[in-house]
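Coordinate inspection notes
Listed here are the chains, written in short residue letters.
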Amino acid sequence: MADKNTQKILLIIPAYNEAEGIVENIQKVQAYQKNINYQLDYLVINDGSTDNEEQVLVENNINHIELIQNLGIGGAVQTGYIYAYQHDYDIAVQFDGDGQHDIESLPNLIEPILKDEADFVVGSRFLDESNSEFKSSTARQTGIKILSALIYFSSKIRIKDVTSGYRAGNKQVISQFVKRYPRQYPEPETYMHLFAKSIRVKEVGVRMFERTTGTSSINMLKGVSYMISVSLSIIATSLLGREKE
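The structure contained in this document is the topic of the report that follows. (Residues numbered from 1 in each chain as written. Predicted model: local features only at pLDDT ≥ 70, side-chain atom pairs only at ≥ 80, totals over all residues. Heavy atoms only, no water.)

Here we look at the overall build of the protein
Threshold: Helix numbers and strand numbers start at the N terminus; a helix is a DSSP run of H or I with at least 4 residues, a strand a run of E with at least 2. Throughout, exposure labels follow a simple rule: accessible area from a 1.4 Å probe, protein chains only, divided by the maximum for the residue type, with under 20% read as buried, over 50% as exposed, and the rest as partly exposed. Whether two residues touch is decided by their heavy atoms; if any such pair falls within 4.5 Å, the residues are in contact. Areas reported as accessible are Shrake-Rupley estimates using a 1.4 Å probe. Residue values count occlusion only from the protein chains shown.
When helices and strands are counted, the protein shows eight helices and seven strands. When the 245 residues of the protein are sorted by exposure, 54% land in the buried category. Contacts spanning at least 24 positions in sequence make up 75% of the contacts within the protein whose residues lie at least 6 apart. When the accessible surface of the protein is summed, it comes to about 12100 Å², and 49% of that surface belongs to carbon and sulfur atoms.

A closer look at helix α5 (residues 138-155)
Here is the rule: Each helix should span, by expectation, one fewer than its residue count multiplied by 1.5 Å. Directions pointing from the helix axis toward each C-beta atom define the arc.
Taking 1.5 Å per residue as the helical rise, α5 with its 18 residues ought to reach 26 Å, and the 26 Å between its terminal C-alpha atoms agrees with that figure. All of the buried residues in α5 are Gly 143, Ile 144, Leu 147, Ser 148, Leu 150 and Ile 151. Mapping the buried residues of α5 onto a view down its axis gives an arc of 165°, with all of them on the same face. With respect to the buried face of α5, the exposed residues turned more than 90 degrees away are Thr 138, Lys 145 and Phe 153. Immediately downstream of α5, the backbone of Lys 156 shows phi near 65°, a positive value.

Structural notes on the packing of aromatic side chains
Think of a pair of aromatic rings as described by two things: how far the centres are apart, and how the planes are tilted against each other in angle. Formally: Classification of ring pairs uses Phe, Tyr and Trp, with its six-membered ring standing for Trp, and accepts pairs whose centres are within 6.5 Å; under 30 degrees between planes counts as stacked, over 60 as edge-to-face, and the remaining range as tilted. Look at NZ for Lys and CZ for Arg. If either is within 6 Å of the ring centre and within 35 degrees of the ring normal, a charge sits over the ring.
In the structure shown here, the tally under the stated rule is eight aromatic pairs. Their ring planes at 85° and their centres at 5.8 Å tell us that Phe 120 and Phe 177 sit as a pair that is edge-to-face. Here Phe 120, found in strand β5 (residues 120-124), pairs with Phe 177, found in helix α6 (residues 171-179); they are 57 residues apart in sequence, far enough to count as distant. As far as the burial class goes, Phe 120 and Phe 177 line up, both buried. Through successive ring pairs, a cluster of aromatic residues spans Tyr 81, Phe 120, Phe 177, Tyr 181, Tyr 191 and Phe 195. Positioned above the aromatic ring of Tyr 89, the side-chain terminus of Lys 8 is 4.7 Å from the ring centre.

Right under this line is the structure:
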């Protein structure tokens, strides 16, 4: 079992037009950092924001990288994984910049990695052990269940909260995502790539909140397109079979 006191952990925080709430969210992270006895750093990825997010980040001395154009959630998160790889972090944690993820749930995410029970851990709202009151809308929950069933049908591995962005990976995962990370719909798509590489994935209960600032990038029309695109990607990946090392 790895000692978390010797592990370097990085929070990767993608943020697009989150000027209104990013300072408060980072303050919660900083408050949490003061109450732990291990190394936990954070990095905000300003994904080509068109509001005054960059100004807010600079004025508040928030550690960040500014992307000169919007790469989308996949490109922003992969930028964080590249940073984690280059700076030799042991664990990288994806943490939303819109305030939806509870920093107090972080121990739940990293514990299976520290115990060498998993290489990649996804935080779930839908497990019995989760204390999350926020579950998302009924329509989105239905879509999540469909994608979960499709992934199970393709891989025989059950992930209930397949669109969760609260996730943690070890060095093996960091290295994998540096080389290959889906850009458009990364959360559900990445599971098929991880399964193909025999990377151990575990789901644990976490707490999440409803966003209080900003707006979701997925509306009803995009939601339908999302479901079709992701479903086709999952099917295509499963038909290709396991990748050769």
